[in-house]
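Commentary on secondary and tertiary structure
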Amino acid sequence: SDDQQKIHDLIKSLNESGYGYRRISHYLNEREIKTSKGNSWKNNNVHSVLKRNKEREERIKRNTFVSEIEYGGM
């Protein structure tokens, strides 16, 4: 969803700025931003969001590459 994407982008930005998982979870909780299930953030939730999105991006990249080979595009 759009909200989840916005939260992911915020988490990714904070992580790239040098924030660790714990510090990001505190940041989100201080601003009363909840997880998709409506819970408070913990460092493992932050890690999972970053990990799942990285896996998703790799899967999309891999599938795009395979499609280009199969259909002769590039």
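Everything quoted here is computed from the prediction, not taken from an experiment. (Residues numbered from 1 in each chain as written. Predicted model: local features only at pLDDT ≥ 70, side-chain atom pairs only at ≥ 80, totals over all residues. Heavy atoms only, no water.)

The end-to-end C-alpha separation of helix α1 (residues 2–16) is 21 Å, in line with the 21 Å expected for 15 residues at 1.5 Å each. Taken together, the buried positions of α1 are occupied by Ile7, His8, Ile11 and Leu14. Viewed along the axis of α1, the buried residues span an arc of 130°, placing them on a single side of the element. With respect to the buried face of α1, the exposed residues turned more than 90 degrees away are Asp2, Lys6 and Glu16. (Helix = DSSP H or I, 4+ residues; strand = E, 2+ residues; numbered from the N terminus. Expected span 1.5 Å × (residues − 1). Buried < 20%, exposed > 50% of the residue type's maximum accessible area, 1.4 Å probe, protein only. Arc of directions from axis to C-beta.)

According to the stated counting rule, one finds 2 salt bridges in the structure shown. One salt bridge in this structure joins Lys12 and Glu57, with 3.9 Å as the shortest N-O distance. A residue pair is termed long-range when its members are at least 10 positions apart, and Lys12 in helix α1 and Glu57 in helix α3 (residues 43–71) qualify at 45 residues. Glu30 is the partner of Arg31 in a salt bridge, and the nearest nitrogen-oxygen pair spans 3.6 Å. For Arg31, a relative accessible area of 43% puts it in the partly exposed group. By relative accessible area, Glu30 is classed as exposed at 60%. (Salt bridge = Lys/Arg side-chain N within 4 Å of Asp/Glu carboxyl O.)

What follows concerns helix α2 (residues 21–30). Listed as buried for α2 are Ile24, Ser25, Tyr27 and Leu28. The arc that holds the buried residues of α2, viewed along the axis, is 160°, so those residues lie on one side. For α2, the exposed residues set more than 90 degrees away from the buried face come down to Arg22, Arg23 and Glu30. Following α2 by one or two positions, Glu32 adopts a phi angle in the positive range, close to 55°.

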